[in-house]
Protein chains: 2
Amino acid sequence: MYTTKALKSLFLEYMEANKFEFSPRELFEPVDYILQLGGKRLRPVLLLMSYNLYQEEVSQSLPAAYAYEIFHNFSLVHDDIMDEAPLRRGKATIHHKYDINTGILSGDVMLIYAYKYLLDLEKKEAIPEVLSIFTKVSTDVCIGQQYDINFETAKQVTIEEYLQMIELKTAALIAGAMYTGALLAGATKVDCQNLYEFGLNIGTAFQLQDDILDTYGNAATFGKRIGGDIVQNKKTYLVLIALERANSTQREELENLLSSRPIDEAGKIEKVTQLFKELNIKELANKKRDEYHLKALENLNDLAIDKKKLIPLKEVADSLLQRVQ
Amino acid sequence: MYTTKALKSLFLEYMEANKFEFSPRELFEPVDYILQLGGKRLRPVLLLMSYNLYQEEVSQSLPAAYAYEIFHNFSLVHDDIMDEAPLRRGKATIHHKYDINTGILSGDVMLIYAYKYLLDLEKKEAIPEVLSIFTKVSTDVCIGQQYDINFETAKQVTIEEYLQMIELKTAALIAGAMYTGALLAGATKVDCQNLYEFGLNIGTAFQLQDDILDTYGNAATFGKRIGGDIVQNKKTYLVLIALERANSTQREELENLLSSRPIDEAGKIEKVTQLFKELNIKELANKKRDEYHLKALENLNDLAIDKKKLIPLKEVADSLLQRVQ
């Protein structure tokens with residue numbers, strides 16, 4: 001079995017050997033650019049891990065891991081255009097470095113190349129199902145993105161709607177990666193399905209953690225500005241649970257704060273976090289994330305494998321879901 | 001065997017039964033909108049025709065025909081954003097009717113649904129090859145679009161480069177549709193390949209015809225404004241062949257005209273067409289289009305079918321490539 005670090009190294013080697021060194025460069029150079037900005041490579045590593053639960057040698061699943069990473073980055077490229085985001089991982093987004101048209105067209109070709117890599121898989125008999133699950137979860141990502149856009153202007157968003165949105169936008173792709181790794185490795189349908197559910201639950205936990213870290217994280221390790229969601233008036237889990245728990249005075253204050261764009265952003269962040277504190281939001285959000293984490297671990301209980309093999313997977317989940325004090 | 005009209009009807013019925021009536025409507029309603037704007041349905045009809053050369057009953061190939069039509073419309077949606085085009089088939093483009101973000105995201109989901117319909121094909125054993133050819137030609141469309149963008153600001157574009165661009169941007173998808181129809185119908189590899197080549201040649205002829213009609217067509221039947229390419233300074237085949245044939249005085253005049261944006265657009269169109277007349281451009285362009293048409297017909301010579309079956313296919317080509325007087 002491979003360690004997480006070894007799987008990531010294998011994947012990075014594969015990426016390096018499969019750069020988008022094609023012509024015309026105006027189309028493909030931006031693809032290389034975005035893929036080389038780094039990141040945790042979470043989806044490909046999880047896909048390889050899922051495969052590695054059933055097979056010692058993982059190289060056959062590398063094209064699928066790459067496909068999921070390419071799709072994930074495609075979705076970032078197009079989302080960053082829609083969100084008018086200038087930065088991604090501390091570097092210029094494609095549409096800022098080049099232009100919007102480049103972001104659109106290079107993104108399109110990435111989506112096509114994700115399919116191309118899945119079609120490159122050696123296990124030809126698995127291709128229709130691998131592509132079907134990929135098509136399903138990539139549709140989910142688009143639907144999730146649409147809900148996210150809708151929520152920006154929606155008067156009210158329920159917690160249930162929010163959780164469904166992040167399941168579609170974030171967790172589905174992770175679930176698809178888990179399913180695909182196991183499927184390619186010859187796991188049973190039941191195991192594939194359990195790993196898919198694991199992906200949905202752990203992916204939702206990751207997004208809740210992201211919401212928590214955006215307010216309570218450490219700027220140095222989080223990599224984004226603390227309080228960014230508050231400044232942008234995003235309806236995160238923290239905000240929605242706060243609105244649910246607030247008395248009418250608190251709700252009015254929170255709604256006023258989160259529909260304003262004051263110059264004193266630090267003051268706004270402080271007022272919102274003060275309200276969060278009164279309402280015990282950090283604890284409630286931690287609890288919700290832990291619920292999903294626990295459900296994810298339960299999805300692993302019935303897998304037809306030696307339970308020791310689950311250690312690296314559980315470690316990755318733990319390291320990404322560390323409780324914020 | 002079906003008539004062209006019958007195939008188009010069958011396809012329109014299938015489309016009607018497979019509308020994008022999903023939620024969220026913000027994402028899928030624009031897809032229905034663009035798909036219902038009409039058009040010749042050339043790619044799906046050609047795919048069905050190619051299938052019908054080998055099989056009497058065509059219904060099994062309808063999902064593939066739909067996939068090609070969805071992809072074609074996806075490419076129009078994203079191209080129209082890039083070109084800032086307000087109108088498509090006389091109606092508002094998606095990004096004008098809704099907004100750019102809707103155009104991007106609804107376009108993305110269309111690309112994914114094109115794959116989804118191909119995965120729905122009953123002939124499961126053909127799916128990997130059907131998807132590979134689709135992935136190849138859809139990549140070609142993106143590359144062709146990039147060359148088209150590059151040519152806008154390029155100082156010089158050779159005729160060879162232009163013909164390669166339209167082969168990628170326009171003809172490749174038609175070629176893929178022809179190949180896929182035959183493949184699904186169980187044709188030999190040689191026949192599939194010949195029909196692919198037919199598609200490349202006839203698709204290039206269609207685009208050359210489009211260039212010709214843009215200057216010499218009848219406004220009522222062409223559906224676009226006559227002289228639009230000239231107004232927009234597009235480097236069409238007509239312009240490139242004119243630049244090649246022009247003496248230094250004529251070239252200078254043409255280059256000046258085609259780098260200007262005068263208020264008197266009609267005057268500009270008249271001056272350019274006068275130069276075209278001096279250089280015999282209409283005749284030269286007709287000749288080039290006829291060359292591709294002839295090559296396309298030659299690609300049909302060696303097919304392992306009764307030649308009478310080719311009549312509807314040849315009629316479609318003839319009707320779209322009528323000589324402009």
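Within any chain, residue numbers begin from 1 and follow the written order of that chain's sequence. Here every chain gets a letter starting at A, and every ligand a number starting at 1, in the order they are written. The model is predicted, so local features are restricted to residues of pLDDT at least 70 and side-chain atom pairs to those at 80 or more, both for listing and for counting; the totals for chains, interfaces and linings are taken over all residues. As a convention, hydrogens and water are excluded, and side-chain values are obtained from all of the structure's heavy atoms.

**Student:** Summarise helix α16 (residues 311-320) of chain B; cite the residues concerned and give the values.
**Tutor:** Residues and elements named next belong to chain B. Residue burial is assigned from relative accessible area. The probe radius is 1.4 Å, only protein chains are included, and a residue is buried under 20% of its type maximum, exposed over 50%, and partly exposed in between. Secondary structure follows DSSP: runs of H or I at least 4 residues long count as helices, runs of E at least 2 residues long count as strands, and numbering of each begins at the N terminus. Listed in full, the buried residues belonging to α16 are P312, L313, V316 and A317. The arc that holds the buried residues of α16, viewed along the axis, is 140 degrees, so those residues lie on one side. Contacts are assigned to residue pairs with any non-hydrogen atoms lying within 4.5 Å of each other. Where α16 is buried, its residues meet α1 (4-17), α3 (42-52), α8 (159-184), α9 (189-216) and α15 (281-299). The arc in question is traced by the directions running from the helix axis to the C-beta atoms.

**Student:** Requested: an account of the domain arrangement of chain A, with residues and values cited.
**Tutor:** Residue and element names in this part refer to chain A. Residue ranges assigned to the domains are those given by an automatic or database domain assignment. Here chain A is described as being made up of domain 1 (1-186) and domain 2 (188-325). In this structure, domain 1 and domain 2 have C-alpha centres spaced 22 Å apart. Each partner contributes to the interface: domain 1 provides 38 residues, whereas domain 2 provides 33 residues. Note on definitions: buried area is the accessible-area loss of two parts on being combined, 1.4 Å probe, summed for both. The contact between domain 1 and domain 2 buries some 2900 Å² in all, and 74% of this surface belongs to carbon and sulfur atoms. When residues of domain 1 are sorted by the area they lose upon contact with domain 2, L53, I159 and Y162 head the list and together hold 22% of the total. The rule for a salt bridge is simple: a side-chain nitrogen of Lys or Arg has to be within 4 Å of a carboxyl oxygen of Asp or Glu. Along the contact surface separating domain 1 from domain 2 lie one salt bridge.

**Student:** Could you give an account of empty space enclosed by the protein, with specific residues and numbers?
**Tutor:** Every definition here rests on a 1 Å grid over the protein atoms only: cavities are sets of points where a 1.4 Å probe fits but cannot get out, pockets are open sets enclosed by protein on both sides within 12 Å along at least five of seven lines, and lining residues have some atom within 4 Å of a point. Grid points are joined across faces, edges and corners, and a volume is the space filled by probe spheres set on the points. Following the criterion strictly, the structure yields seven cavities of 30 Å³ or more and no others. Taken as a whole, the largest cavity encloses approximately 60 Å³ of empty space. If you go around the largest cavity, the residues you meet are L105 and D108 of chain A together with F71, F74, S75, H78, D79, M82, V141, C142 and Q145 of chain B. Elements supplying a minimum of two residues to the lining of the largest cavity: α6 (100-119) of chain A together with α4 (62-82) and α7 (127-153) of chain B. Residue contributions to the lining of the largest cavity peak at six residues, all from α4 of chain B. For this classification, the nonpolar set comprises Ala, Val, Leu, Ile, Met, Phe, Trp, Tyr, Cys and Pro, the charged set comprises Asp, Glu, Lys and Arg, and every other residue, Gly included, is treated as polar. Classifying every residue of the lining of the largest cavity by side-chain character gives six nonpolar, three polar and two charged.

**Student:** Requested: an account of the packing of helix α3 (residues 42-52) of chain A against helix α8 (residues 159-184) of chain A, with residues and values cited.
**Tutor:** Residue and element names in this part refer to chain A. Direction vectors running N to C along α3 and α8 enclose 30 degrees, while the axes themselves pass 7 Å from each other. In terms of their interaxial angle, α3 and α8 are classed as roughly parallel. The way α3 lies across α8 gives a crossing that is right-handed. Taken together, the residues of α8 that come into contact with α3 (itself represented by L42, R43, L46, L47, S50 and Y51) are L173, I174, A177, M178, T180, G181, A182 and L184. Each residue belonging to the contact of α3 with α8 can be placed in one class, and the counts come to ten nonpolar, three polar and one charged. Note on method: axes are straight lines fitted to C-alpha atoms, helices fitted across the in-contact stretch only, with angles between N-to-C directions ranging 0 to 180 degrees. Angle categories are assigned with fixed cut-offs, so that under 35 degrees is roughly parallel, over 145 is roughly antiparallel, 65 to 115 is roughly perpendicular, and the rest are oblique. By the definition used in this description, the sense in which the near helix is turned from the far one sets the handedness, with an anticlockwise turn below a right angle giving left-handed and a clockwise turn giving right-handed.

**Student:** Please set out the state of the cysteines residue by residue, giving values where relevant.
**Tutor:** Disulfides are covalent bonds that link the sulfur atoms of two cysteine residues. Cysteine sulfurs are considered disulfide-paired once they come within 2.5 Å of each other. Under the defined criterion, the tally for this structure stands at zero disulfides over all chains. Unpaired in this structure, C142 of chain A has its nearest cysteine sulfur neighbour in C142 of chain B, at a distance of 15 Å. According to the relative accessible area criterion, C142 of chain A is buried, its value standing at 3%.

**Student:** Break down the interface of chain B and chain A for me, with residues and values.
**Tutor:** The interface is formed by 35 residues belonging to chain B together with 35 residues belonging to chain A. For the chain B and chain A pair, buried surface summed over both sides reaches about 3100 Å², with 78% attributable to carbon and sulfur atoms. Joining chain B to chain A, the criterion identifies zero salt bridges. We define a polar contact as two N or O atoms separated by no more than 3.5 Å, with the added condition that, inside protein, one atom must be a possible hydrogen donor and the other a possible acceptor, whereas residues neighbouring each other in sequence contribute only through side-chain atom pairs. Taken together, the connections running from chain B to chain A amount to six residue pairs in polar contact (both at pLDDT 80 or more). When residues of the side of chain B that touches chain A are traced back to their parent elements, those giving at least two are α2 (25-35), α4, α6 (100-119) and α7 of chain B.

**Student:** Describe the relation of the copies chain B and chain A, naming the residues involved and giving the relevant values.
**Tutor:** Expressed as a screw transformation, the operator carrying chain B onto chain A has a rotation angle of 180 degrees and an axial translation of 0.0 Å, and the superposed copies differ by an RMSD of 0.0 Å. With respect to symmetry, the two chain copies, as superposed, fit the operation of a two-fold axis. The residues that chain B uses at the interface reappear at the interface of chain A in 100% of cases, marking a shared surface. Only residues with pLDDT of at least 70 in both copies contribute their C-alpha atoms to the least-squares superposition of the copies.

**Student:** How would you sum up the packing of aromatic side chains? Please name residues and give values.
**Tutor:** Only the six-membered ring of Trp is used, alongside the rings of Phe and Tyr, when aromatic pairs are assigned; centres must lie within 6.5 Å, and planes under 30 degrees apart are stacked while those over 60 apart are edge-to-face, with the rest tilted. Following the criterion strictly, the structure yields 37 aromatic pairs over all chains and no others. Between F71 of chain A and F74 of chain A, the aromatic rings sit 5.2 Å apart at their centres with planes inclined by 55 degrees, giving tilted as the arrangement. Of this pair, F71 of chain A and F74 of chain A both sit in helix α4 (residues 62-82), three residues apart, roughly one helical turn. Centre to centre, the rings of F20 of chain B and F22 of chain B are 5.9 Å apart; their planes meet at 75 degrees, and the pair counts as edge-to-face. Given the relative accessible area of 0%, F20 of chain B is considered buried. Judged by relative accessible area, F22 of chain B falls into the partly exposed class, the value being 32%. Criterion for a charge above a ring: Lys NZ or Arg CZ within 6 Å of the ring centre, and within 35 degrees of the ring normal. Just above the ring of Y33 of chain A sits the side chain of K97 of chain A; from NZ or CZ to the centre is 4.9 Å.

**Student:** Requested: an account of the pattern of salt bridges, with residues and values cited.
**Tutor:** The final tally for this structure, using the stated rule, is 24 salt bridges over all chains. Put simply, K136 of chain A and D140 of chain A hold a salt bridge, and the shortest N to O gap is 2.8 Å. Residue K136 of chain A and its partner D140 of chain A are located together in helix α7 (residues 127-153), separated by four residues, close to a single helical turn. One salt bridge connects R25 of chain B with D32 of chain B, and the closest N-O pair in it is separated by 3.6 Å. Given a relative accessible area of 34%, R25 of chain B falls into the partly exposed group. Residue D32 of chain B is classed as buried on the basis of its relative accessible area of 8%. A network of salt bridges, in which partner residues are shared, links E283, R289, D290 and R323 of chain A.

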